[in-house]
Amino acid sequence: MLVRDWMTPHPTTVTPDTPVMDALKLLKEGGFRRLPVMDGDRLVGITTRKDLKDAMPSKATTLSVWELNYLLSKLTVAEMMARPVITAAEGEYMEDAALRMQEHHVGGLPVLTDAGRLSGIITTMDVLRAFTGILGMREGGRRLALDMPDVPGSLARAATAIGPSNIISVATYGGENGRRKFVMRIDGEGVRDVRDRVQAAGIDVLD
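Residues numbered from 1 in each chain as written. Predicted model: local features only at pLDDT ≥ 70, side-chain atom pairs only at ≥ 80, totals over all residues. Heavy atoms only, no water.

Asks: How do you make sense of the overall build of the protein when you look at a structure like this?
Replies: Check the secondary structure of the protein and you find eight helices and 10 strands. Based on the C-alpha atoms only, the size of the protein along its principal axes is roughly 80 × 45 × 35 Å. For the protein, buried positions account for 33% of its 207 residues. Between the averaged position of the 26 positive side-chain charges in the protein and that of its 27 negative side-chain charges there is a distance of 5 Å. (Helix = DSSP H or I, 4+ residues; strand = E, 2+ residues; numbered from the N terminus. Buried < 20%, exposed > 50% of the residue type's maximum accessible area, 1.4 Å probe, protein only. Lys, Arg positive; Asp, Glu negative; His and termini not counted. Charge placed at Lys NZ, Arg CZ, Asp CG, Glu CD.)

Asks: What is the right way to look at helix 7 (residues 154–162) in this model?
Replies: Owing to its 3.6 residues per turn, the α-helix aligns residues three or four sequence positions apart on the same side. Within the sequence span of helix 7, burial applies to Ser154, Ala158, Ala161 and Ile162. The buried side chains of helix 7 occupy one side of the element, clustering within an arc of 100 degrees when seen end-on. (Arc of directions from axis to C-beta.)

Asks: Can you help me understand the nonpolar core in this one?
Replies: Grouped burial of nonpolar side chains is what soluble globular proteins tend to show. Ranked by size, the top nonpolar core spans 13 residues in total, and within it Leu144, Leu146, Ile162, Met184, Val198 and Ile203 carry the most contacts. If you list the elements that add at least two residues to this core, you get strand 7 (142–149), helix 7, strand 9 (179–187) and helix 8 (194–200). Excluding residues within four positions of it along the chain, methionine 184 makes contact with Arg142, Arg143, Leu144, Leu146, Leu155, Ala158, Ile162, Ile167, Ser169 and Val170. Residues Val14, Leu27, Leu35 and Leu75 belong to the second largest nonpolar core, which totals 12 residues. (Core = buried A, V, L, I, M, F, W, Y, C linked by side-chain atoms within 4.5 Å. Contact = heavy atoms within 4.5 Å.)

Asks: Is there a simple way to think about the sheet that holds strand 6 (residues 118–123) in this case?
Replies: Across a sheet, strands are paired by hydrogen bonds formed along the backbone, either parallel or antiparallel in direction. Spatially, 1-6-5-4 is the arrangement adopted by the four strands of the open sheet, whose pairing is mixed. Unpaired on one side and paired on the other, strand 1 (8–9) and strand 4 (88–89) mark the two borders of the sheet. Across the sheet, helix 5 (residues 94–104) touches strand 4, strand 5 (108–112) and strand 6, and the angle it forms with strand 5 is around 135 degrees. The sheet strands contacting helix 6 (residues 124–134) are strand 1 and strand 6, and the helix crosses strand 6 at an angle near 70 degrees. (Pairing = 2+ DSSP bridges. Axes fitted to C-alpha atoms, helices over the stretch in contact; angles between N-to-C directions.)

Asks: Sorry, what's going on with the packing of helix 5 against helix 6 here?
Replies: Any two packed helices are characterised by the angle at which their axes cross and by the distance between the axes. Between helix 5 and helix 6, the least distance of the axes is 11 Å, while the angle of their chain directions is 140 degrees. With respect to helix 6, the axis of helix 5 lies oblique. Between helix 5 and helix 6 the crossing geometry is left-handed. Facing helix 5, whose interface residues are Met94, Ala98 and Met101, helix 6 presents Thr124, Asp126, Val127 and Ala130. Looking at the contact of helix 5 with helix 6 residue by residue, the class counts come to five nonpolar, one polar and one charged. (Parallel < 35°, antiparallel > 145°, perpendicular 65-115°, else oblique. Left-handed = near helix turned anticlockwise from the far one by under 90°. Nonpolar A, V, L, I, M, F, W, Y, C, P; charged D, E, K, R; others polar.)

Asks: Teacher, can you tell me more about the pairing of strand 7 here?
Replies: Within a regular strand, side chains alternate between the sheet's two faces. The pairing of strand 7 with strand 9 spans eight bridges and is antiparallel. Bridged to leucine 144 within strand 9 is methionine 184. With two bridges joining them, strand 7 and strand 10 (residues 204–205) adopt antiparallel strand pairing. Pairing of leucine 146 across the sheet is with valine 205, part of strand 10.

Asks: Would you explain the pattern of salt bridges in this entry?
Replies: It is possible for side chains bearing opposite charge to pair when their charged atoms get close. Inspection of the entire model under this criterion finds seven salt bridges. Across the salt bridge formed by aspartate 41 and arginine 117, the nearest N and O atoms sit 3.1 Å from each other. Of the two residues, aspartate 41 sits in the loop between strand 2 (34–39) and strand 3 (42–48) while arginine 117 sits in the loop between strand 5 and strand 6, which places them 76 residues apart along the sequence. Given the relative accessible area of 45%, arginine 117 is considered partly exposed. Across the pair arginine 180 and aspartate 150 runs a salt bridge, and its minimum N-O distance is 3.2 Å. (Salt bridge = Lys/Arg side-chain N within 4 Å of Asp/Glu carboxyl O.)

Asks: I keep staring at the sheet that holds strand 8 (residues 166–174) and nothing clicks. Help me out?
Replies: Strand order across the open sheet formed by four strands is 8-9-7-10, with antiparallel pairing between neighbours. Two strands close off the open sheet at either side, each with one partner strand: strand 8 and strand 10. As judged from the eight bridges shared by strand 8 and strand 9, these two strands associate in the antiparallel manner. Bridge pairing in strand 9 links serine 169 to arginine 185. Contacting strand 7, strand 8 and strand 9, helix 7 runs over the sheet at an angle of about 140 degrees to strand 7.

Asks: Help me understand the environment of arginine 34 in this model?
Replies: Mapped onto the fold, arginine 34 is located in strand 2. Classification of arginine 34 as buried rests on a relative accessible area of 17%. Each C-alpha atom of the pair arginine 34 and alanine 23 lies 9.5 Å from the other, and the pair is 11 residues apart in sequence.

As far as function goes, none of this settles anything; it's purely spatial.
As structure tokens, then:
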């Protein structure tokens, strides 16, 4: 599951000298929250809707309309963009990009090719799409959560008990106190009785 498979390709961009008001208009019209900043074909920064709005004068300003419009016309993206830019690579795994977003507290990463060219952007919404895709949420079936010993062979034991039903997806978490939780999505033959079969095999079913 690579970044290139889930990113939004060809994102809208701005240049450092783009006026803040023009950048805000692009964000509003496009329905997105961030804009990579390009100097020619080189990524030099990124700016967000919050960054740009924070640059706007307070509603309590004593400036006249003329003064306000003049100042806004002079304010450019270069003064508000974040740099250096935290990026992702097209060929890296989604989970690595998601972890970087979490570690740096950012909601999106520009995506670069091996040659360093901007090719897309990956956001928290793309991460959520990937997450729900991995869990098979749009494929229907039945959710089954198991609590099992964290030892080799536990998953094989569960798969044997689940048969002849089909396992669409598997995710695990936990690992504390020698136990691990397995969350599966099941469909196909015998799915109606799968809980009973698993419990009969001595496996703890959580829900």
